[in-house]
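Topology and contacts: notes
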Amino acid sequence: KAIYKQIKQGKYKFLYVTPETFCQDAFQDVLRQTETCQIVVDEAHCIAFYGENDFRPKYLKIGETIQKMKSSAKVVALTGSADARTIKVIRKSLKISEKACFVGNIDRPEITYLVKKRKGNGRKQLCRMVESCAGTVIVFCTLRDTAMAVSAMLRKKGIATELFLGKGKNNADIIAKSKRERLVIVATSALCMGVDIPHVELVIHFEPPLSLAEYSQGSGRGAREQGSCAKAVMMYTENDLTYIRKCFCKTKSDNRSFDSVCRYIEKTGNHRRMLSDALN
């Protein structure tokens, strides 16, 4: 209430809010009593990634809420990775015309893309890759439980890890620590959401992602400094593919996205080219 009062008094120039807060009647009442010149939807791919399922449906309500505001504020949507379908969902949801859509080339030649089939629980392969990398390593896991198990597995082998699980209280500490030293971070996809970790030389997806757009977002954490390079490794087992298909692919669109991941895994040769072609 104190913050809402200060907003009405014009004491803030920028407001950072979640879709859930933005769509609340109480917050909209506050906005109606102040002047809003621009609305920016950052990480806009989440409108498709999360809005179309039960995880965070309010992402799909952002555009509808903006329309109800009847505001003259400019609306901008930004994302670092979105395939053609995701762009279409963003444009439709936010009423953005095709002429107002600017898409750059997201090819990352500084990243080497590899696919490895996990042997057993993947411990030996994972430890070997982590120990051979001098820079920071990020290991992505689909589920929180998997992330905790992988972190415990690495620690058991004497490799210190940091756990980044989205709602963790130590996330800010991990980000600050990454500025000072080399880390091995085991994380869920929450680490993709606007988090900048420096000097990442290896990104491992311990399990296949749900889409190539999601994979681009995660692997893109690597080699963000000028002149740097990184490796991106997608690990998998046949059981992974069956489990993800059964548990996460609920619609035709989900299955199409995951089909692309399966083709990526099966491909021999230039994985970077396939990833770039799929998203551009």
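I will try to describe carefully the structure that is included in this document. (Residues numbered from 1 in each chain as written. Predicted model: local features only at pLDDT ≥ 70, side-chain atom pairs only at ≥ 80, totals over all residues. Heavy atoms only, no water.)

Glancing now at the overall build of the protein. Regarding its fold elements, the protein presents 13 helices and 8 strands. Against the globule reference of 19 Å for 280 residues, the protein gives a C-alpha radius of gyration of 20 Å, in line with a compact fold. With the C-alpha coordinates of the protein rotated into their principal frame, the extents come out at 60 × 40 × 40 Å. Partitioning the contacts of the protein with sequence separation of at least 6, the portion at a separation of at least 24 is 72%. Mean positive and mean negative side-chain charge positions of the protein (48 and 29 charges, respectively) differ by 2 Å. (Helix = DSSP H or I, 4+ residues; strand = E, 2+ residues; numbered from the N terminus. Rg over C-alpha atoms; globule rule 2.2 N^0.38 Å. Contact = heavy atoms within 4.5 Å. Lys, Arg positive; Asp, Glu negative; His and termini not counted. Charge placed at Lys NZ, Arg CZ, Asp CG, Glu CD.)

Right, let's talk about the nonpolar core for a bit. In summary, soluble globular proteins display a tendency toward joint burial of nonpolar side chains. In terms of nonpolar packing, the biggest core is built from 42 residues, with Phe 22, Leu 94 and Tyr 264 touching the most fellow members. Setting aside chain neighbours within four positions, we find Phe 22 in contact with Val 17, Phe 27, Gln 28, Leu 31, Ile 39, Ile 62, Thr 65, Ile 66 and Met 69. Of all hydrophobic cores here, the second largest spans 22 residues; its members include Val 130, Leu 154, Phe 206 and Val 233. (Core = buried A, V, L, I, M, F, W, Y, C linked by side-chain atoms within 4.5 Å. Buried < 20%, exposed > 50% of the residue type's maximum accessible area, 1.4 Å probe, protein only.)

Time to look at empty space enclosed by the protein. Per the counting criterion, the structure on display carries 1 cavity of 30 Å³ or more. In this structure, the largest cavity is lined by Ile 106, Asp 107, Arg 108, Tyr 113, Ser 216, Arg 272, Leu 275, Ser 276 and Leu 279. The element contributing the most residues to the lining of the largest cavity is helix α13 (residues 271-279), with 4 residues. Grouping the amino acids of the lining of the largest cavity by side-chain chemistry returns 4 nonpolar, 2 polar and 3 charged. (1 Å grid on protein atoms, 1.4 Å probe; cavity = no way out; pocket = protein on both sides within 12 Å on 5 of 7 lines; lining within 4 Å. Points joined across faces, edges and corners; volume = space filled by probe spheres on them. Nonpolar A, V, L, I, M, F, W, Y, C, P; charged D, E, K, R; others polar.)

Turning to the packing of helix α7 (residues 123-131) against helix α8 (residues 144-156), a few remarks are in order. At a minimum axis distance of 11 Å, the contact between α7 and α8 shows a crossing angle of 70 degrees. On the basis of the axis angle, α7 is roughly perpendicular to α8. Read as a crossing pair, α7 and α8 show a hand that is right-handed. Contacts between α7 and α8 involve Arg 123, Leu 126 and Cys 127 from the first element and Val 150, Met 153 and Leu 154 from the second. (Axes fitted to C-alpha atoms, helices over the stretch in contact; angles between N-to-C directions. Parallel < 35°, antiparallel > 145°, perpendicular 65-115°, else oblique. Left-handed = near helix turned anticlockwise from the far one by under 90°.)

A few words now on the environment of Tyr 113. Relative to the assigned elements, Tyr 113 resides in strand β3 (residues 111-117). Apart from residues lying up to four places away in sequence, Tyr 113 is in contact with Arg 108, Tyr 215, Ser 219, Ala 232, Tyr 264, His 271, Arg 272 and Leu 275.

A packed helix pair is summarised by two numbers, namely the angle formed by the two axes and the spacing between the axes. Interaxial distance between helix α11 (residues 238-248) and helix α12 (residues 252-266) falls to 10 Å at its minimum, and their mutual angle equals 170 degrees. Between α11 and α12, the crossing angle belongs to the class labelled roughly antiparallel. Contact with α11, carried on its side by Leu 241, Ile 244, Arg 245 and Phe 248, involves Asp 254, Asn 255, Phe 258, Asp 259, Cys 262 and Ile 265 of α12 and no other residues of that element.

Applying the stated rule across the entire model yields 11 salt bridges. Of the charged contacts in the structure, one is a salt bridge between Lys 61 and Glu 64, with a shortest N-O distance of 3.6 Å. According to the relative accessible area criterion, Glu 64 is partly exposed, its value standing at 38%. (Salt bridge = Lys/Arg side-chain N within 4 Å of Asp/Glu carboxyl O.)

On to the environment of Leu 60, then. Mapped onto the secondary structure, Leu 60 falls in the loop between α4 (46-49) and α5 (62-69). Here Leu 60 falls in the partly exposed class, since its relative accessible area comes to 35%. Spatially, the C-alpha atoms of Leu 60 and Lys 92 are 9.9 Å apart, while their sequence positions differ by 32 residues. In contact with Leu 60, not counting residues within four places along its chain, are Ile 47, Gly 51, Glu 52 and Ser 93.

What follows is about helix α9 (residues 171-178). Structurally, the α-helix is built with 3.6 residues per turn, so residues lying three or four positions apart point the same way. The set of residues buried in α9 consists of Asn 171, Ile 174 and Ser 178. Looking straight down α9, one finds that the buried residues subtend no more than 60 degrees of arc, so they occupy a single side. In α9, those exposed residues whose orientation departs by more than 90 degrees from the buried face are Ala 172 and Asp 173. Against the buried residues of α9 lie β5 (162-164) and β6 (184-187). (Arc of directions from axis to C-beta.)

As a further point, take a positive patch on the surface. Taken together, Lys 116, Lys 119, Arg 123, Lys 124, Arg 128, Lys 156, Lys 157 and Lys 231 make up a surface patch of like positive charges. With 3 residues, α7 is the largest single contributor of residues to the positive patch. Along the polypeptide, Lys 124 turns up in helix α7. (Patch = residues over 30% accessible without salt bridge, like charges linked within 9 Å, V, L, I, M, F, W, Y side chains within 5 Å. Areas by Shrake-Rupley, 256 points an atom, 1.4 Å probe, with all protein chains shown as cover.)

In short, shape yes, function no, at least from these values alone.
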